[in-house]
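Letter by letter, the chains look like this.
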Amino acid sequence: MLLYLVAANLKMLFRNRQSIFWALLFPLIFVVVFGLFNLDETPTTKVLVVDYSRDQLSKSLVKSLDDIETLKMEEAADEAKARQDLRDGERRFLLILPQGLGEDVAAKRPVKITLIYDESSAVSAVIIGLVRRFVDGANLELADAQPLLNLESQGILSRQTGYFDFLLPGFIGLGVMTYSIIGLASNLAVWREKKIFKRLLATPLRIQTFFAAVIVSFLVLSLIQAAIILVSGMLLFDAHFYGNYFYLLVFVVFGNLVFLNLGFIVGAFAKTVSAASGLGNVVSLPMMFLSGTFFPTDTLPAFLRWLVQYLPLSPLLEGMRGIATDARPLWDFPQEMAILGVWIIVTAFIAVKVFKFR
Amino acid sequence: MATQHAEHDIVVEGLTKRFGSLEAVKDVSFAVRRGEVFGILGPNGAGKTTALECIEGLQEPTAGKTRVLGIDTAAEPWKAKERIGVQLQASAYFDYLKLREILELFGRLYAKRLSPAELLEKVGLAEKIETPVVKLSGGQQHRFAIAAALVNDPEVIFLDEPTTGLDPQARRNLWEFIQRIHGEGRTVVLTTHYMEEAQFLCQRVAIMDRGRIVALDTPERLIKGLPVPYKVRIKLAEAQPPELFKGLEAVMNVQAEADGALTLASSDAARTLPALMAWSNANGRRIDHLEVVRGNLEDVFLTITGRGLRD
């Protein structure tokens, strides 16, 4: 009986083109759009150069700076114009090399190199440090001094993860949340408007069986949805998934149950389809932005950050990211599981209270 | 008690349903015999649907007893629902399923079930078995709703305004199917605000107004009970004063119409007509036009409530 209802329900969901678009295609569009941006490439900073000496040393100096990955040296036509560019905000850095650089250095006369920078630029400190280190190194070399202290920096490549890998679980959470809340609530509104609930009430069908079937079919659909997002992200854009797929599934199911309960609650209050999608958005949009679908929540004000961690989407994303990028096991997330568990129980209780079949 | 109602499929006693301060159904009692087509006739808002849904076990009565096939529908709705068929007013079905799929799905909900092909055959939709419900015309959707109500081969079938919103031709067409279903030995209870429908289909009619049953009998006897069961309309070659016909056999009063015709209200047309003919022959007055109109359930409703069914 239950399986039969689930099959019929899935058939309906799959034949409803609009519903299937929101369920499967819409999250895919997110994946593709974000995947096409190269989010992990560090932006290069353009530095204007006014070189008054134009000798071998100054040229090699500029060339060496240009070789640094994050810097792009640009020859400026004249100093006045370059300074104007800085004031206008066109460029943020200007390096001025005085005349006779090579001769002065050969004669061991101190030379003044000027770096003018925009104080409002976030990367100023980094660029100044970079240029200073370069100049220090050049000094040592020119002085023929042997550096006594050497810093050997060893980068350990633990697991290669980038911003897209951070985003992908976010998309899964987003897709599951919006489809479960808005999709379910709209479906319920349609059934209510068409008096389908009442018609079912005229049969010996138990309401609990019907709801169980609805929940199971939405769960199945959302797992397909999550799989499509994950696989497309991995195949099309080389996203990384290091964890256990079963653990991920557990989290998706847990989160989904909360959202389906919320869908029932929204469906209880929304009498029409448009009201259902409107109210569904009111519930899901703030979560989408606050719970860190696109950005980590670390930069939120402390009070908000504290509050946001208890929204149902937050522990879901936290858990999925931990599993996906750090290959952590399920038992690493007792707090997240507990928050979701409490949400499931509380929302189920409210849903049963407020949802009327007729 | 049980033996007294042995031949009754439905027994309603003192049914009352209140929504807050609104009393939708007030102390309604009636019984429906096995194999009968029973109609509840009344204007919109008379409480027909509410009464029906209480009997079906869809709503809980505020007071009173509703028994269907000997089962108390308020106490054991599941048991009753297994054996009754219900067509709801303006209820739709799942848009994205084909007729066969919907009937299979609904069939699964019952212990006893008929095959989709057999059900659609009964309502003349056999060739639409693989069509989604949204692709059906209005009349076909109404017929499908009746097929869906028959899915468990019920002994009693409830039809709530089965032809509302249909054009006259589609309505007549649907009446035939309802008669056919009744011919299979099922008890049919229907609500309607079309007096022709009640008159055509029902063996007995309960007339309902403002939550109460104001009359209950066969359409025949309800009309016979009218103070004026017949109207005889005549148009004479030369106009005559209405008073002239007041003394005619069985004539209760005479009204002059705007077009010069006269309407004689008669308690018995079989006596009025010979008397009228005799008068015409004796006085050499030619009757250009003669029309005998029988009273209908609309007149019954009008006489009892002072209002029309569509008011």
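Here the structure is a predicted model, which is why all the values come from computation and not from measurement.

Asker: How should the overall build of chain A be read in this particular structure?
Answerer: Looking only at helices and strands, one finds 14 helices and 4 strands in chain A. Its C-alpha atoms give chain A a radius of gyration of 30 Å, clearly above 21 Å, the size a compact globule of 358 residues would have. Counting over 358 residues, chain A shows a buried share of 33%. Excluding contacts between residues fewer than 6 apart, the proportion of contacts in chain A whose partners are at least 24 apart in sequence is 81%.

Asker: Even after reading the chapter, I still don't get the domain arrangement of chain B, so can you show me in this structure?
Answerer: Interfaces are often sized by the amount of accessible area the parts lose when they come together. Parsing chain B into structural domains produces domain 1 (8-224) and domain 2 (230-294). Between the C-alpha centres of domain 1 of chain B and domain 2 of chain B the distance comes to 43 Å.

Asker: Where do I start with the sheet that holds strand β2 (residues 71-75) of chain A in this structure?
Answerer: What holds strands together in a sheet is hydrogen bonding between their backbones, with the strands either parallel or antiparallel. All names here are of chain A. Strand order in this open sheet of 4 strands is β2-β1-β3-β4, and the pairing throughout is mixed. The sheet is open, and its two edges are formed by β2 and β4 (114-117), each paired on a single side. Averaged over all adjacent pairs, the angle separating strand axes in this sheet is 25°, with direction ignored. Across the sheet, helix α3 (residues 56-67) lies against β1 (45-51), β2 and β3 (93-97), angled at about 140° from β2, the strand it touches most. Contacts from helix α6 (residues 124-142) reach β1, β2, β3 and β4 within the one sheet, and its direction differs from that of β4 by about 170°.

Asker: Would you mind going over the pairing of strand β11 (residues 230-236) of chain B with me for this structure?
Answerer: In the case of a regular strand, side chains alternate between the two sheet surfaces. All names here are of chain B. Note: β11 against strand β13 (residues 262-266), 5 bridges, orientation antiparallel. Paired with Arg233 across the bridge in β13 is Thr263. One ladder, built from 7 bridges, connects β11 with strand β14 (residues 287-294); its direction is antiparallel. Looking at the pairing, Tyr230 lines up with Arg294 of β14.

Asker: What exactly am I supposed to notice about the interface of chain B and chain A here?
Answerer: The interface is formed by 20 residues belonging to chain B together with 17 residues belonging to chain A. Contributing elements (two or more residues each) for the side of chain B that touches chain A: α2 (77-81) and α3 (99-108) of chain B. If you tally residues by element for the side of chain B that touches chain A, the top one is α3(B), at 4 residues. Counted by class, the side of chain B that touches chain A contains 14 nonpolar, 1 polar and 5 charged residues.

Asker: Got a minute to help me understand the environment of Leu340(A) in this structure?
Answerer: All names here are of chain A. Its place among the elements puts Leu340 in helix α14 (residues 334-354). According to the C-beta neighbour criterion, Leu340 is buried, with 25 such atoms within 10 Å. Sequence separation between Leu340 and Val258 is 82 residues, and the spatial gap between their C-alpha atoms is 7.2 Å. Not counting chain neighbours up to four residues away, the residues in contact with Leu340 comprise Phe254, Gly255, Val258, Pro312, Pro315 and Leu316.

Asker: Honestly, the confidence of the model for chain B in this entry has me stumped. Any pointers?
Answerer: Detailed conclusions should not be drawn from predicted coordinates in areas where pLDDT is low. Put simply, chain B has an average pLDDT of 89, and 97% of its residues get 70 or more. Here the prediction assigns the complex a pTM of 0.76, and the interface score ipTM is 0.82.

Asker: Help me out: how do you make sense of the packing of helix α7 (residues 163-193) of chain A against helix α10 (residues 245-269) of chain A in this one?
Answerer: Geometry of a packed helix pair, given as the angle between the helix axes and the separation of the axes. All names here are of chain A. Where α7 meets α10, the axes come as close as 8 Å, and the angle between the chain directions of the two elements is 30°. It follows that α7 is roughly parallel to α10 by the angle criterion. Note on packing geometry: the crossing formed by α7 with α10 is right-handed. Residues Ile172, Gly173, Val176, Met177, Ser180, Ile181, Leu184, Ala185, Leu188 and Ala189 of α7 form the contact with α10, whose participating residues are Val252, Gly255, Asn256, Phe259, Leu260, Leu262, Gly263, Phe264, Val266 and Gly267.

Asker: Any chance you could explain the sheet that holds strand β6 (residues 84-87) of chain B here in plain terms?
Answerer: All names here are of chain B. Spatially, the 6 strands line up as an open sheet ordered β6-β7-β8-β3-β9-β10, and their pairing is mixed. Two strands bound the open sheet, and with one partner strand each, they are β6 and β10 (212-217). Recorded for the sheet is a direction-independent mean angle of 15° between the axes of neighbouring strands. The sheet contact formed by strand β9 (residues 204-209) and β10 spans 5 bridges and is antiparallel. What sits directly across from Asp209, in β10, is Arg212. Across the sheet, helix α1 (residues 48-56) is in contact with β3 (37-41), β6, β7 (156-160), β8 (187-192) and β9; its angle to β7 comes to roughly 155°.

Asker: In this structure, what is going on with α7(A)? I would like to understand it.
Answerer: For an α-helix, 3.6 residues make a turn, and residues three or four places apart therefore share a direction. End to end, α7(A) covers 44 Å across 31 residues, agreeing with the expected 45 Å (1.5 Å per residue, within 8%). A positive backbone phi angle near 60° is found at Lys195(A), which sits one or two residues after α7(A).

Asker: Help me out: how do you make sense of the pairing of β2(A) in this one?
Answerer: All names here are of chain A. Pairing of β1 with β2, which is carried by 5 bridges, proceeds in the parallel orientation. Residue pairing for β2: Leu48 is matched across the bridge by Glu74. Handedness of the crossover joining β1 and β2 through α3 is recorded here as right-handed.

Rules of the game
Residues numbered from 1 in each chain as written. Chains lettered and ligands numbered in written order. Predicted model: local features only at pLDDT ≥ 70, side-chain atom pairs only at ≥ 80, totals over all residues. Helix = DSSP H or I, 4+ residues; strand = E, 2+ residues; numbered from the N terminus. Rg over C-alpha atoms; globule rule 2.2 N^0.38 Å. Buried ≥ 20, exposed ≤ 12 C-beta atoms within 10 Å, placed from the backbone. Contact = placed C-beta atoms within 7 Å. Domains from an automatic or database assignment. Pairing = 2+ DSSP bridges. Axes fitted to C-alpha atoms, helices over the stretch in contact; angles between N-to-C directions. Nonpolar A, V, L, I, M, F, W, Y, C, P; charged D, E, K, R; others polar. pLDDT = per-residue confidence, 0-100. Parallel < 35°, antiparallel > 145°, perpendicular 65-115°, else oblique. Left-handed = near helix turned anticlockwise from the far one by under 90°. Expected span 1.5 Å × (residues − 1). Right-handed = clockwise from strand over helix to strand, strands pointing away.

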